[in-house]
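As a plain string of letters, each chain reads:
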Amino acid sequence: MDYRRGLYLASLLLALTACTTEQIPGAGPATPAPTASPTPAPTAAPTASPSASPSPSPSPSPAVTPTPTPAATPSPTPTPTPTPTPTPTPDFGRIVGTTGPGFTDGAHDQAQFNNPANVEVGLDGRVYVADYDNDAIRVIADDGTVSTLIAPADLAPDSFSRPFGLALDASQGILYIQTDGNEAGARDDSTGTIWAVQLATGMISLIASDLGRPRGLVVLGDGRIAMSDPAHHVLSILDPATGNVTPLAGVNDSPGAEDTGNFPDIDPPARFNQPYGLDLMSDGRLLVADQGNHRLRLVALDGTVSSFAGSSAGSANGTLAVATFNAPRDVAVAGMDIYVADHDNYLIRRISGGSVFTQAGAAGMRGFVDDTGSNARFSGMEGLAIAPDDATLWIADGDNGDDPGDPGFDATENANFHHVRRLAVP
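The following refers to the structure shown. Remember, it's a predicted structure, so these values are computed and weren't measured experimentally. (Residues numbered from 1 in each chain as written. Predicted model: local features only at pLDDT ≥ 70, side-chain atom pairs only at ≥ 80, totals over all residues. Heavy atoms only, no water.)

A look at the overall build of the protein chain
Consideration 1: A count of helical and extended segments in the protein chain gives 2 helices and 25 strands.
Consideration 2: Here the protein chain holds 426 residues, and the buried ones make up 44% of them.
Consideration 3: Here the analysis covers contacts within the protein chain between residues at least 6 apart in sequence; of these, 45% occur between residues at least 24 apart.
Consideration 4: Surface summary for the protein chain: the accessible area is close to 22100 Å², and the carbon and sulfur share equals 55%. (Helix = DSSP H or I, 4+ residues; strand = E, 2+ residues; numbered from the N terminus. Buried < 20%, exposed > 50% of the residue type's maximum accessible area, 1.4 Å probe, protein only. Contact = heavy atoms within 4.5 Å. Areas by Shrake-Rupley, 256 points an atom, 1.4 Å probe, with all protein chains shown as cover.)

Next up, the structure:
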């Protein structure tokens, strides 16, 4: 065979040997491999997306073992919250103020007054007191606590002196006050002055001065103020917006008891004798305690006057035609009933169903006894006011202006005559 043919056969033999043996570098001559069992065709691997530098496969995240959910603890059945019981208004008894005279704020059994002369009750139940000889307006809260609304130090010296008349305009939140003295410090039977207090702010303003002595006040439906003047025997109407005063009934400085019309339109004119407290009836007429005539009088806003009850001094109960009073000082209208401060009898009288009854006190028995019915005793009882529920009557039971220089003045007895009192009424 020629040289090229031999070379070809040698190369072919070498290729066949490489197909059946594997040479491991550095391991010496290869050992012939045993005949292999047929191998199943391998599954083709997926073709990788071309990449310049294949990213290494991320390590598989360890399997997260789920946290077992605890079994729900059943909620206990809620206990219903009981509806709170309203706290009742503290029952502080029938008396506000301790022995006096004095000027002390505080609890009902610690506060002191100095001749409380009149009272008025607000729609919220607070009681306003004309603390006459203290020149102050005091306030009694629904728990009996006493505070001061107006004190002498709140105004110029002597400008607010001897408050007596009180009237509340609930729709405007205004308390009207009459003082016997004027803003200049003068005080006689001509210097009566009307003030207005804004209850929301406590601000006080002067309305009119030198009006005589109009101790009885009541606010009419149109906002004007009806006034009764016991020193001059007349009734008049004040417009607080202007300070103008219009005569209503009676003849100035001319006492009498005639029931007719308004002077000078009707002759003879109606006359009064020391008309004191007054209140508004449901029909719009005024009910007036005509003290010097021992009567209750009705006055229409056109000045027409008629007698309602009473005749001469006495303490008889009965129908309006036969009942008698002794210097009635104030009246309070409570629905269908009327309460009377029967001053010189030291009685609280009630008019109901056309008849007069004694509500508390004993005729002619002055004193201080905290009780009800005929066991109670009163002293000054110059002012009355009924609470909004018509179930509580408030009484200003002062000392009636007793003076240490008066004959028979008893300081020990007088010390008990400086209270504000309340009575439960039908």
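Here we look at a negative patch on the surface
Consideration 1: Taken together, the side chains of E183, D188, D189, D210 and D253 define an acidic patch exposed on the protein surface.
Consideration 2: Inspection of the secondary structure assignment puts D189 in the loop between strand 7 (174–179) and strand 8 (193–198).
Consideration 3: In this structure D189 comes out as partly exposed when scored by relative accessible area, which is 39%. (Patch = residues over 30% accessible without salt bridge, like charges linked within 9 Å, V, L, I, M, F, W, Y side chains within 5 Å. Salt bridge = Lys/Arg side-chain N within 4 Å of Asp/Glu carboxyl O. Lys, Arg positive; Asp, Glu negative; His and termini not counted. Charge placed at Lys NZ, Arg CZ, Asp CG, Glu CD.)

Some details on the pairing of strand 5 (residues 146–150)
Consideration 1: Bridge analysis of strand 4 (residues 136–140) against strand 5 gives 4 bridges, and the strand direction is antiparallel. Each residue of the ladder has a partner; that of V139, found in strand 5, is S147.
Consideration 2: As consecutive antiparallel partners, strand 4 and strand 5 are separated by 5 residues, and within that stretch G144 has a phi angle of approximately 90 degrees, a positive value. (Pairing = 2+ DSSP bridges.)

Some words on the nonpolar core
Consideration 1: With 16 residues, the main nonpolar core has I348, F378, L384, L393 and I395 as its most contacted residues.
Consideration 2: Where this core is concerned, the elements lending two or more residues are strand 19 (328–334), strand 20 (337–342), strand 23 (383–386) and strand 24 (392–397). (Core = buried A, V, L, I, M, F, W, Y, C linked by side-chain atoms within 4.5 Å.)

Looking at unusual backbone geometry
With the exception of glycine, most residues fall at negative phi, and the peptide bonds are largely trans.
Consideration 1: Cis geometry marks the peptide bond from G100 to P101; its omega dihedral reads 0 degrees.
Consideration 2: Inspection of the secondary structure assignment puts P101 in the loop between strand 1 (95–96) and strand 2 (116–121).
Consideration 3: Even without glycine at this site, R162 takes up a positive phi of about 55 degrees.
Consideration 4: Of note in the backbone geometry, H233 takes a positive phi value of approximately 65 degrees without being a glycine.
Consideration 5: Position of H233 relative to the elements: it lies in the loop between strand 11 (225–229) and strand 12 (234–238).

So, the sheet that holds strand 2
Consideration 1: Spatial ordering of the open sheet is given by 2-3-4-5, a layout of 4 strands whose pairing is antiparallel. Looking at strand neighbours, the two that pair on one side only are strand 2 and strand 5, the edges of this open sheet. Adjacent strand axes in the sheet meet at a mean angle of 30 degrees when their direction is disregarded.
Consideration 2: The pairing of strand 2 with strand 3 (residues 127–131) spans 5 bridges and is classified as antiparallel. Its bridge partner lying in strand 3, V119 is registered against V129. (Axes fitted to C-alpha atoms, helices over the stretch in contact; angles between N-to-C directions.)

A few points about the side chain of D399
Consideration 1: In this structure, D399 sits in the loop between strand 24 and helix 2 (411–414).
Consideration 2: At 6.2 Å, R366 is the nearest oppositely charged side chain to D399, a buried residue that forms no salt bridge.
Consideration 3: Sequence-distant contacts of D399, that is, excluding residues within four places in its chain, are made with N115, R366, N414, F417 and H418.

Overview of the sheet that holds strand 17 (residues 305–309)
Consideration 1: Pairing within the open sheet is antiparallel, and its 4 strands lie in the order 14-15-16-17. The outermost strands of the open sheet, each flanked by one partner alone, are strand 14 (275–280) and strand 17. Taken over all neighbouring pairs, the strand axes of this sheet differ in orientation by 30 degrees on average, direction set aside.
Consideration 2: Looking at chain direction, strand 14 and strand 15 (residues 286–290) are connected through 4 bridges and run antiparallel. For L278, the partnering residue across the bridge sits in strand 15 and is V288.

Some words on the packing of aromatic side chains
Consideration 1: As enumerated under the stated definition, the model contains 4 aromatic pairs in all.
Consideration 2: Note on Y132 and F164: the rings are 6.3 Å apart at their centroids and 85 degrees apart in plane angle, and the pair reads as edge-to-face. Here Y132, found in the loop between strand 3 and strand 4, pairs with F164, found in strand 6 (residues 163–169); they are 32 residues apart in sequence, far enough to count as distant. We note that Y132, like F164, is buried. (Phe/Tyr/Trp six-rings, centres within 6.5 Å; stacked < 30°, edge-to-face > 60°.)

A closer look at the pattern of salt bridges
Consideration 1: The tally for this structure, following the rule as stated, stands at 18 salt bridges.
Consideration 2: The shortest N-O distance in the salt bridge between D370 and R94 comes to 2.9 Å. Of this pair, D370 sits in the loop between strand 22 (355–360) and strand 23 while R94 sits in the loop between helix 1 (3–20) and strand 1, and the two are 276 residues apart along the sequence.
Consideration 3: Given the relative accessible area of 30%, R94 is considered partly exposed.

Notes on the pairing of strand 9 (residues 203–208)
Consideration 1: Here 5 bridges tie strand 8 to strand 9, and the two strands are oriented antiparallel to one another. Looking at the pairing, W195 lines up with L206 of strand 9.
Consideration 2: If you look at the hairpin formed by strand 8 and strand 9, you'll find 4 residues sitting between the two strands, and G202 has a positive phi there, around 80 degrees.

Remarks on the environment of A156
Consideration 1: Along the chain, the position of A156 falls in the loop between strand 5 and strand 6.
Consideration 2: A156 sits 28 residues away from A184 along the chain, and the two C-alpha atoms are 8.9 Å apart.

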